[in-house]
Amino acid sequence: MTFEEFNALSEFEAVALLRPLVNIPAWAKSVSDARPYICVEDVLQSAESACENWQQEDIAQALSAHPRIGERASGASKEAQLSRGEQATLNISQQTVIDALHEGNLRYEQRFGRVFLIRAKGRSSEEILENLQRRLKNSPDAEYQETAQQLKEITLLRLKEIFQP
């Protein structure tokens, strides 16, 4: 899609296109409402700025649509399809890595009360596991900030893919 095609969408169509990228309706509406854009970079800049307005409730809502890292998202929704595609690059086949991710996910959820979120694209399963172990040592505030940053990275990568030729 080009930015011109994105500009030409109705508000309903634009929001419907953006909603699966991150389950934060106000973000999708904000990016849609800022149209028309003069180039793709403007769309990305607007989207990044809209991420800065996220509150803890927004992030909790967005995380509700994310599967555990290392687990296959179920369902036919666009969100599930995006997640499956992102995690497919991990190539998690070693049982020791699978077990460590499962155990780390459980420890993380017990410690922070939410699913562990990390941008999977471009990372190996070992790198993700190392990040999980490191982040288990974070304070709740530091971990919230890191989670918000990871969610932002995931969202912006997904948005960039919309505008890829």
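Below, the structure is looked at part by part. (Residues numbered from 1 in each chain as written. Predicted model: local features only at pLDDT ≥ 70, side-chain atom pairs only at ≥ 80, totals over all residues. Heavy atoms only, no water.)

1. What to know about the pattern of salt bridges
Piece 1. The full count for this structure, using the stated rule, is eleven salt bridges.
Piece 2. Here Lys-121 makes a salt bridge to Glu-161, at a shortest N to O gap of 2.3 Å. Taken together, the residues Lys-121 in the loop between α7 (95-112) and α8 (125-135) and Glu-161 in helix α9 (residues 140-162) connect sequence positions 40 residues apart.
Piece 3. A relative accessible area of 32% places Glu-161 in the partly exposed class.
Piece 4. A salt bridge links Glu-143 to Arg-135, with the shortest nitrogen-to-oxygen separation between them at 2.5 Å.
Piece 5. Judged by its relative accessible area of 0%, Arg-135 is buried.
Piece 6. A network of salt bridges, in which partner residues are shared, links Arg-134, Arg-135, Glu-143 and Glu-146. (Salt bridge = Lys/Arg side-chain N within 4 Å of Asp/Glu carboxyl O. Helix = DSSP H or I, 4+ residues; strand = E, 2+ residues; numbered from the N terminus. Buried < 20%, exposed > 50% of the residue type's maximum accessible area, 1.4 Å probe, protein only.)

2. Re the environment of Ala-148
Piece 1. Mapped onto the fold, Ala-148 is located in helix α9.
Piece 2. Overall, the relative accessible area of 17% leaves Ala-148 in the buried class.
Piece 3. Sequence spacing of Ala-148 and Leu-63 is 85 residues, and the spatial spacing of their C-alpha atoms is 10.0 Å.
Piece 4. For Ala-148, the contacting residues outside a window of four places in its chain are Trp-54 and Ile-59. (Contact = heavy atoms within 4.5 Å.)

3. Some remarks on the side chain of Asn-131
Piece 1. Following the sequence through the fold, Asn-131 ends up in helix α8.
Piece 2. We classify Asn-131 as buried; its relative accessible area is 16%.
Piece 3. Beyond its immediate sequence surroundings of up to four residues, Asn-131 is in contact with Phe-116, Ile-118 and Arg-123.

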